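The primary structure of each chain is shown beneath.
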Amino acid sequence: MTKLTISLAQMRITLARVDDNLATATDTIAQAAADGADIALLPELWSTGYDLENAGEHAAKLGEAIFAQVAEAARENRIAIYGSLLERRGEQVMNCATFYDAAGELRGVYRKIHLFRLFDEHLWLSEGESPALLQQPWGKTGLAICYDLRFPELFRRYAVAHGTTLMLLCAEWPLARVAHWRTLLQARAIENQCFVAATNSCGETDGTVFGGHSMIIDPWGQIIAEAGEDECLITAEIDLAEVQRVRRAIPVFEDRRPDAYLTD
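Conventions used here
- Residues numbered from 1 in each chain as written.
- Predicted model: local features only at pLDDT ≥ 70, side-chain atom pairs only at ≥ 80, totals over all residues.
- Heavy atoms only, no water.
- Phe/Tyr/Trp six-rings, centres within 6.5 Å; stacked < 30°, edge-to-face > 60°.
- Buried < 20%, exposed > 50% of the residue type's maximum accessible area, 1.4 Å probe, protein only.
- Helix = DSSP H or I, 4+ residues; strand = E, 2+ residues; numbered from the N terminus.
- Disulfide = S-S within 2.5 Å.
- Pairing = 2+ DSSP bridges.
- Axes fitted to C-alpha atoms, helices over the stretch in contact; angles between N-to-C directions.
- Contact = heavy atoms within 4.5 Å.
- Left-handed = near helix turned anticlockwise from the far one by under 90°.
- Nonpolar A, V, L, I, M, F, W, Y, C, P; charged D, E, K, R; others polar.
- Salt bridge = Lys/Arg side-chain N within 4 Å of Asp/Glu carboxyl O.
- Polar contact = N/O pair within 3.5 Å; in protein donor to acceptor, adjacent residues only side chain to side chain.

Let us look at the packing of aromatic side chains. With the rule as written, the count across this model stands at seven aromatic pairs. Their ring planes at 50° and their centres at 5.5 Å tell us that Trp173 and Trp181 sit as a pair that is tilted. The burial state of Trp173 is the same as that of Trp181; both residues are buried. Through a chain of ring-to-ring contacts, the aromatic side chains of Tyr50, Phe116, Phe119, Tyr147, Phe151 and Phe210 assemble into a single cluster.

This part takes up unusual backbone geometry. Despite not being glycine, Asp120 has its phi angle at roughly 65°, a positive value. Tracing the chain through its elements places Asp120 in the loop between strand 5 (106-111) and helix 4 (121-124). Phi at His213 takes a positive value of approximately 55°, unusual for a residue other than glycine. With respect to the element layout, His213 can be found in the loop between strand 11 (208-211) and strand 12 (215-217). On the basis of relative accessible area, His213 is assigned to the buried category, the value being 15%.

Let us now look at the state of the cysteines. Under the defined criterion, the tally for this structure stands at zero disulfides. The thiol sulfur of Cys96 is not disulfide-bonded, and the nearest other cysteine sulfur, from Cys170, lies at 9.6 Å. By relative accessible area, Cys96 is classed as buried at 0%. Residue Cys194 stays outside any disulfide, its sulfur separated by 16 Å from that of Cys170, the closest cysteine.

With that out of the way, let us pick up the sheet that holds strand 4 (residues 92-100). The sheet built from six strands is open, its strands ordered 5-4-3-2-1-14 with mixed pairing. Only two strands of the sheet have a single partner each, and these edge strands are strand 5 and strand 14 (232-239). Adjacent strand axes in the sheet meet at a mean angle of 30° when their direction is disregarded. Inspection of the sheet shows strand 4 paired to strand 5 by five bridges, in the antiparallel sense. When the sheet's bridge partners are listed, Ala97 is paired in strand 5 with Tyr110. Against the sheet, helix 1 (residues 18-34) engages strand 1 (3-10), strand 2 (39-41), strand 3 (80-89) and strand 14, with an angle of about 40° to strand 14.

Put simply, helix 5 (residues 152-162) and helix 6 (residues 178-192) touch, their axes get as near as 10 Å, and they point 35° apart. Considering the relative orientation of helix 5 and helix 6, their crossing is right-handed. Packed against helix 5, whose contacting residues are Pro152, Phe155, Arg156 and Ala159, the element helix 6 presents Arg188, Glu191 and Asn192 at the interface. In terms of residue class, the contact of helix 5 with helix 6 is built from three nonpolar, one polar and three charged.

On to the pattern of salt bridges. Inspection of every chain in the model, using the stated rule, returns eleven salt bridges. The closest approach of N and O atoms between Arg17 and Asp20, which form a salt bridge, is 2.8 Å. What makes Arg17 partly exposed here is its relative accessible area of 47%. What makes Asp20 partly exposed here is its relative accessible area of 34%. For Arg107, the salt bridge identified is with Asp101, shortest N-O distance 2.8 Å. Taking the relative accessible area as the measure of exposure, Arg107 reaches 49% and is therefore partly exposed. Under the relative-accessibility criterion, Asp101 is labelled buried at 12%. A network of salt bridges, in which partner residues are shared, links Glu44, Lys112 and Glu121.

Once that is clear, we can look at the side chain of Asn95. Relative to the helices and strands, Asn95 is located in strand 4. Here the side chain of Asn95 touches Glu121 through a polar contact of 3.0 Å, side chain to side chain.

Next up, the structure:
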């Protein structure tokens with residue numbers, strides 16, 4: 001399996017209104033399935049937004065509450081789902097992205113490594129500890145969340161250590177820095193010669209306007225699909241075989257010289 005259809009669900013998130021956000025998400029997931037998508041990507045913290053002062057009240061254990069509802073949506077619609085929610089993990093609360101397959105089985109969990117100080121994540125949430133790699137029929141897939149995009153080391157590890165061909169990213173990235181979002185997404189695709197699919201939120205939530213421009217980018221850095229700044233669903237097919245064609249054309253990984261620059 002080399003061809004994959006991905007839907008990006010660009011949502012306007014209503015702060016702390018879990019039921020309203022869930023209704024929007026489930027309707028969008030159903031539409032993505034109707035459009036023939038294999039995967040639906042939801043934004044970061046799509047059920048609550050950055051209502052972090054109440055993060056402890058919103059957070060649920062994996063397999064329970066909102067996580068169980070996402071699994072059910074995946075099963076009912078026969079579509080994989082990726083996006084992040086607030087997770088209760090012992091005494092900790094985490095910004096946790098989950099990947100449920102089309103049978104509603106949990107196949108991947110990524111807890112955000114880089115917490116965003118400008119939104120006070122470091123005050124309310126605990127840091128993730130490690131990257132998360134999916135082994136799927138279409139190939140190896142790396143997982144990331146929003147602010148992680150500014151840290152190329154994470155994406156490089158996915159590509160170099162694991163040969164990852166697709167990166168999935170969910171975000172709440174402000175409109176004020178949307179130029180950074182677009183540039184960095186293309187950079188991650190170009191430098192790692194892989195596909196990047198990223199969903200952002202949009203519209204105003206609690207005084208911050210989020211930037212939209214959810215995107216799917218190929219290994220050459222070409223934009224296959226891009227949303228505007230409004231709520232929408234965009235869907236596109238990718239061919240993962242393109243990754244190996246690009247890597248053969250410009251053998252970046254063979255020409256790396258870590259002995260010369262990865263030293264003390």
